[in-house]
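# An overview of the molecular structure
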Amino acid sequence: MARLFAVLVSALLALCAGNAFAQAAYVHNLNGTATATVGSTQRALKIGDTIDSGSVISTGDRSSAVIKFEDGQVMALTERSSFRIVEYKYNKQRVSQSSAVFAMLQGGLRFISGVIGSTNRNSFRMTAGTATIGIRGTDGTVTYDSVTQAVIAAVNAGALEMTTPQGIQTIDVGTFSSFTPGQSPTVPQPTAAATAAVQTV
């Protein structure tokens, strides 16, 4: 009996530990159409729908979507944009064990970091082609052209660090930097000089 009790307690503790990691985001706002795709399964999204780690979220023509995560992380996608939730683990009791990894696949998005990124900036990472975006702040914009693989990163609050095979560029508030494979990231310039796509995001 004692052994059975011990096994049950161990199983319960493991279950509780697993539940400490929140795996889903949800659709906070939606204009137009958006989908979530996991493997070969795609479904249309509506406000309030939950989204699991591993999903690819895409918006349609003249559409936008705001995705909010358990730690307060926000992703706002513009039209014809896609990003993947590569990994999302949020442990409310031990935030240091949490992580948020995303991949920008096409289009543009604005992100505002939540508890994970604010607590440990190394726990947040976003890739866009061969570029990796790290945070040193809370509010940024990323656009990515999957054809040319060009990346533009702008900062609304705090700072970003764009790491590429050709070098690293720190981007401060109110500025942006662009990157095309084979070239070094550009020296940051005022966001007011950025493309219309960046301004829209």
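Bear in mind the structure is a predicted one, so any value in this text is a computation, not a measurement. (Residues numbered from 1 in each chain as written. Predicted model: local features only at pLDDT ≥ 70, side-chain atom pairs only at ≥ 80, totals over all residues. Heavy atoms only, no water.)

## A closer look at the overall build of the protein chain
Just so we agree on the cut-off: Numbering of helices and strands runs from the N terminus; a helix is a DSSP stretch of H or I covering at least four residues, while a strand is a stretch of E covering at least two. Only protein chains enter the accessibility calculation, which uses a 1.4 Å probe; a residue whose area is less than 20% of its type maximum is buried, one above 50% is exposed, and one in between is partly exposed. Only the protein chains shown count as cover for residues, with accessible areas throughout obtained via the Shrake-Rupley method and a probe of 1.4 Å.
Of the regular secondary structure elements, the protein chain holds three helices and 18 strands. Taking all 201 residues of the protein chain together, the buried fraction comes to 43%. Working note: accessible area of the protein chain is about 10,100 Å², and carbon and sulfur atoms make up 54% of it.

## What about the pattern of salt bridges?
Close approach of charged atoms allows side chains of opposite charge to pair. What counts here: A carboxyl oxygen of Asp or Glu within 4 Å of a side-chain nitrogen of Lys or Arg is what we treat as a salt bridge.
One pass over the structure, following the stated rule, counts five salt bridges. Among the salt bridges present, the one from Arg-43 reaches Asp-49, with a minimum N-O distance of 3.9 Å. Assessed through its relative accessible area of 13%, Asp-49 is described here as buried. Among the ionic pairs, Arg-110 bridges to Asp-139, the shortest N-O distance being 2.6 Å. Separated by 29 residues along the polypeptide, Arg-110 in strand β10 (residues 99–112) and Asp-139 in strand β13 (residues 139–145) bring together distant segments of the chain.

## Side note on unusual backbone geometry
For Arg-62, which is not glycine, the phi dihedral falls at a positive 50°. Residue position: Arg-62 is located in the loop between β6 (56–59) and β7 (64–69). On the basis of relative accessibility, which here comes to 74%, the residue Arg-62 falls in the exposed class. The backbone of Arg-80 sits at a positive phi, close to 50°, despite the residue not being glycine. Structurally, Arg-80 is set in the loop between β8 (74–77) and β9 (82–91).

## Topic: the pairing of strand β15 (residues 159–164)
Cut-off, in case you're wondering: Only when DSSP finds a minimum of two bridges between them are two strands counted as paired.
The sheet contact formed by strand β12 (residues 131–135) and β15 spans four bridges and is antiparallel. If you follow Ile-133 over to β15, its bridge partner there is Met-162. Sheet topology places β15 next to strand β16 (residues 167–172); six bridges connect them, and they run antiparallel. Across the sheet, Met-162 pairs through a bridge with Gln-169, a residue of β16. Connecting β15 to the antiparallel partner β16 that follows it, the hairpin turn spans two residues.

That's the geometry; what it means functionally is another story.
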